[in-house]
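Coordinates in review
If you want the building blocks of each chain, they are given just below.
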Amino acid sequence: MQISNFRLKFSLFLNYFVHGCGLIILTQNLTQLASNWHSTLATASFVLSGIGIGRLAAYLSMGFLSDKVGRKKILLFGMLSYLIFFIASPVNESIPIAYGLSILAGIANSALDSAAYPILSELRGNQKANSVSLKAFMSSAEFILPVIVLTANQENWWFGLSFLLPAVILMANLINVTFLTFPKSVTKENENIQKVQLNTGKKVLVTAALLLYGYTSMAVMIWFTQWISIFAKNIDFGNTTAHLLLSLYSLGSISGVLLTLILLRIKAVANRLFLFQNILSLLSLIIIAFSTQESLSMVACFTFGFSAAAGLMQMALATLLRLYPKKKGLLTGLFFSFGSLASFTVPLITGWLVAQGKANLMVGDVIVALIGLAAALIIQAFFPKEAPSLKEARKVIDRIDHQLLRLVEKRFQAVDAVIALKQKQELPVLDASREEKVLEKIAKNSHNKALISYNQAIWQTMMAQSRAYQRAKAHHNNKE
Ligand SMILES: O=C(O)C(=O)C[C@]1(C(=O)O)C=C[C@@H](O)C=C1
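Predicted model, so just to flag it, every value in this text is computed and none were measured.

1. Points about the overall build of the chain
The helix and strand inventory of the chain stands at 19 helices and zero strands. In terms of overall size, the chain is more extended than a compact globule, its C-alpha atoms giving a radius of gyration of 29 Å where 480 residues would be expected to give roughly 23 Å. Overall, the chain is about 105 × 50 × 35 Å in size when its C-alpha atoms are taken along their principal axes. Going through the 480 residues of the chain one by one, you find that 46% of them count as buried.

So this is what it looks like as structure tokens:
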């Protein structure tokens, strides 16, 4: 790998460590922030909704701009916005400004996503693994930051220190990214290699399934994390177990992401991994919804994190981007808009269900997971399979070459008939107008228009060899 590509990848990963901090830093410090803002905890938690608003408002435009003005500008904009958020938040004392900063964090989030995912899918290497790595860095931050907050609390340090860590990383990374050269967005050649062949009907179906999956994959996790502790207490699990379930989910998530990164390198497994993880997450949720045994629920919560929060969303996005190589930014924005919609609607749906007095809230999450599995099945069924390995890919070429060779030989046999007639009628071997017509037909009959010039070059060579063959044959016949 080129040094600059390695540096670029690493700086994107670091950004997602920072982003992981951004996701939980307000909730982790809410008590101190509320006192800074001279407000109650309830008002303070209202400020959190700003992040969702910022995201929802900015995803599409950031995605569009990422394709239009270039990934680097959007990335730098996202990093700068986050930097302002991290530096200003712990010192700010006004609620409206805090709300504005939350919105800015949401915008920063959408800018980072709109730049980072497309860049990673344009770099060489395993595209799915690249995207899942971002999730690994997010999860590790979500694990480390609470420890820092807790230590600062116990040692009576200033709470703002936990904001300074991501700020310092961001500043160093900003300098690094500013001086980096980025790969060209999508070169024509790259585009043809990455392009996935699907007819319009199937493409629409797979796109819809992927966007639906963008919603369900986010919804299923939010539903679980927001309600699992309350749900556990309702079914008379002890207080400690109720909280332990969430930690087990996080632990499962980190282990799941790491295992996914390993398995994605094994092509034969990678193709089935997505579906398998979806089935596993559904089964774990069913157990969680109906188990009355604490130990069984604990295992199920770990398995749920291990499967549902192991980078499935990132894998689906990487798949979507392969369908639209020219509009990666826009599609990233669209995909995450569906995810943001989930963060918005799940609290509304669950709130409504609670008001209706529905006893088993987790059954609702099982239904969301079922819809997600249906979408995953559609994606798996209609998205063209990748060649499992270089060896396997070459086997396909070998088989096609074998068939082609038989056909080329048949073509030479047909030429035999032509040369016999031409000799009789004393016509020259070269017939430029006929060759022109053959090439026109090749262009007309090429399904993939991007391949026309390559197909024509093959036929030009074939006809040149046909002429050489005819001349050799004529020469031989004349001698007899
Ligand atoms: O059609 C002919 O006249 C041929 O000789 C065959 C053929 C070909 O291989 O397709 C070869 C040479 C001519 O210039 C045109 C076409």
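2. Quick look at the site of the ligand
Within the structure, the ligand sits among Arg411, Val418, Lys422, Val429, Leu430, Asp431, Arg434, Glu435, Met463, Ser466, Arg467 and Gln470. In this structure, Asp431 approaches the ligand through a main-chain N or O atom, which is 2.9 Å from an oxygen atom. Sorting the residues of the shell around the ligand by element identifies α17 (390–425), α18 (432–445) and α19 (452–479) as the ones contributing at least two each. The element best represented in the shell around the ligand is α19, accounting for four residues. Of the residues assigned to the shell around the ligand, the class counts are four nonpolar, two polar and six charged.

3. Comments concerning helix α6 (residues 95–122)
An ideal rise of 1.5 Å per residue puts 40 Å on 28 residues; α6 measures up with 41 Å between its terminal C-alpha atoms. Of all 28 residues making up α6, 21 are buried, and the element is well covered by its neighbours. Between a side-chain oxygen at the N-terminus of α6 and the backbone nitrogen of Ile97 the separation is 3.1 Å; the capping residue is Ser94.

4. Considerations on helix α14 (residues 312–323)
For an α-helix, 3.6 residues make a turn, and residues three or four places apart therefore share a direction. The terminal C-alpha atoms of α14, which comprises twelve residues, lie 17 Å apart, in line with the 16 Å expected from a rise of 1.5 Å per residue. Looking only at α14, the buried set comprises Leu312, Met313, Gln314, Met315, Ala316, Leu317, Ala318, Thr319, Leu320, Leu321, Arg322 and Leu323.

5. Overview of the domain arrangement of the chain
Domain boundaries in the chain define domain 1 (1–127 + 142–182), domain 2 (194–386) and domain 3 (391–479). For domain 2 and domain 3, the distance between their C-alpha centroids amounts to 53 Å.

6. Here we look at a nonpolar patch on the surface
Among the surface-exposed residues, Val91, Trp157, Trp158, Leu161, Leu164 and Val168 lie close enough to one another that they form a single nonpolar patch of about 590 Å² accessible area. With respect to the helices and strands, the residue Leu161 is situated in helix α8 (residues 161–178). For Leu161, a relative accessible area of 39% corresponds to the partly exposed category.

7. What to know about a positive patch on the surface
Where like charges cluster on the molecular surface, the positive patch consists of Arg434, Lys437, Lys441 and Lys444. For Lys444, the location among the structural elements is in helix α18.

8. Details of the nonpolar core
Counting residues in hydrophobic clusters, the biggest one holds 121 residues, and the most contacted among them are Phe86 and Ile288. Here this core takes 16 residues from helix α10 (residues 200–234), the largest share from any one element. Each of domain 1 (1–127 + 142–182) and domain 2 (194–386) gives at least three residues to this core. Look past the residues within four positions of Ile288 in its chain and what remains in contact with it is Phe224, Ile228, Phe231, Ala300, Cys301, Phe304 and Met362.

9. Focus: the packing of aromatic side chains
This model, assessed by the stated rule, comprises 18 aromatic pairs. Seen in terms of ring centroids, Phe85 and Phe86 are 5.1 Å apart; in terms of plane orientation they differ by 70 degrees. Their pairing is edge-to-face. According to the relative accessible area criterion, Phe85 is buried, its value standing at 1%. Ring geometry for Phe335 and Phe336: centres 5.7 Å apart, planes at 85 degrees, overall edge-to-face. The two residues Phe335 and Phe336 agree in class, both being buried. Pairwise contacts between aromatic rings join Tyr16, Tyr59, Tyr117, Phe335 and Phe336 into one cluster. The ring of Tyr324 carries Lys203 above its face, with NZ or CZ at 4.6 Å from the centroid.

10. A closer look at the environment of Phe224
One can find Phe224 in helix α10. When its relative accessible area of 0% is taken as the criterion, Phe224 is described as buried. Here Phe224 is in contact with Leu246, Tyr249, Leu285, Ile288, Cys301, Phe304, Met362 and Asp365, once residues within four sequence places are set aside.

About the thresholds
Residues numbered from 1 in each chain as written. Predicted model: local features only at pLDDT ≥ 70, side-chain atom pairs only at ≥ 80, totals over all residues. Heavy atoms only, no water. Helix = DSSP H or I, 4+ residues; strand = E, 2+ residues; numbered from the N terminus. Rg over C-alpha atoms; globule rule 2.2 N^0.38 Å. Buried < 20%, exposed > 50% of the residue type's maximum accessible area, 1.4 Å probe, protein only. Near = heavy atom within 4 Å. Polar contact = N/O pair within 3.5 Å; in protein donor to acceptor, adjacent residues only side chain to side chain. Nonpolar A, V, L, I, M, F, W, Y, C, P; charged D, E, K, R; others polar. Expected span 1.5 Å × (residues − 1). Domains from an automatic or database assignment. Patch = residues over 30% accessible without salt bridge, like charges linked within 9 Å, V, L, I, M, F, W, Y side chains within 5 Å. Areas by Shrake-Rupley, 256 points an atom, 1.4 Å probe, with all protein chains shown as cover. Salt bridge = Lys/Arg side-chain N within 4 Å of Asp/Glu carboxyl O. Lys, Arg positive; Asp, Glu negative; His and termini not counted. Charge placed at Lys NZ, Arg CZ, Asp CG, Glu CD. Core = buried A, V, L, I, M, F, W, Y, C linked by side-chain atoms within 4.5 Å. Contact = heavy atoms within 4.5 Å. Phe/Tyr/Trp six-rings, centres within 6.5 Å; stacked < 30°, edge-to-face > 60°. Lys NZ or Arg CZ within 6 Å of the ring centre and 35° of its normal.

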